[in-house]
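Secondary and tertiary structure notes
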Amino acid sequence: MQIGELARQTGCEVETIRYYEREGLLPAPARSASGYRRYEPGHVEQLNFIRHCRSLGMSLADIRQLADYHQHPAPEPCDRVNALIDDQIRRVHSQIETLQQLEQQLLALRGRCHSPHTLADCGILKTLEDASSGEPCACHPTATDKKIAG
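Attention in this report is confined to the structure presented alongside it. (Residues numbered from 1 in each chain as written. Predicted model: local features only at pLDDT ≥ 70, side-chain atom pairs only at ≥ 80, totals over all residues. Heavy atoms only, no water.)

**Concerning the pattern of salt bridges**
Our working definition: A carboxyl oxygen of Asp or Glu within 4 Å of a side-chain nitrogen of Lys or Arg is what we treat as a salt bridge. Elements are defined by DSSP. Helices are runs of H or I of four residues or more, strands are runs of E of two residues or more, and each kind is numbered from the N terminus.
Following the criterion strictly, the structure yields eight salt bridges and no others. Arginine 8 is the salt-bridge partner of glutamate 5, the closest N and O atoms lying 3.3 Å from each other. With glutamate 5 and arginine 8 both in helix α1 (residues 3–10) and three residues apart, this pair spans about one turn of that helix. A salt bridge links arginine 64 to glutamate 23; its shortest N-O distance comes to 3.5 Å. On the criterion of sequence distance, the pair formed by arginine 64 in helix α4 (residues 60–71) and glutamate 23 in the loop between α2 (14–22) and β1 (30–31) is long-range, its members being 41 residues apart.

As structure tokens, this is what we get:
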């Protein structure tokens, strides 16, 4: 099959497929006499493997490692696979904490404007303007502000 058919079967953009090839995640396909890439069913499986890992937020380096383990299974414990997933879980927890902090910042910013105002009197815009001038803002409290609030 050609790259367009591979893209249709997997729901992956053509440029993304080419990128994965350049990165060595997807093996280079054979070429037809006219120079077109010719993909095999194994490419579909490998691309689906990559896309599934990406849907779990994994980095290309982690996917490369998992793909290597998958393609060259060794008769040893899967401790390295478990460790890789444990690292991803820690990254997800960190991202959750970061997003929760962002949510609190946005809620604090939203709290600056409770009722309809004109744009000239908008508390949100005023806070953003003050922050752009280097003044403290409600959405990014200083260490002193955090101590007082806590």
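**Remarks on a nonpolar patch on the surface**
What counts here: Patches in this entry comprise residues that are over 30% relatively accessible and not in a salt bridge; like charges within 9 Å are linked, as are nonpolar side chains (Val, Leu, Ile, Met, Phe, Trp, Tyr) within 5 Å. For the accessible areas, the method is Shrake-Rupley and the probe is 1.4 Å, while residue cover comes only from the protein chains on display. Residue burial is assigned from relative accessible area. The probe radius is 1.4 Å, only protein chains are included, and a residue is buried under 20% of its type maximum, exposed over 50%, and partly exposed in between.
Together, Leu99, Leu102 and Leu106 make up an exposed nonpolar region whose accessible area comes to about 290 Å². Among the residues examined, leucine 99 registers a relative accessible area of 56% and is labelled exposed.

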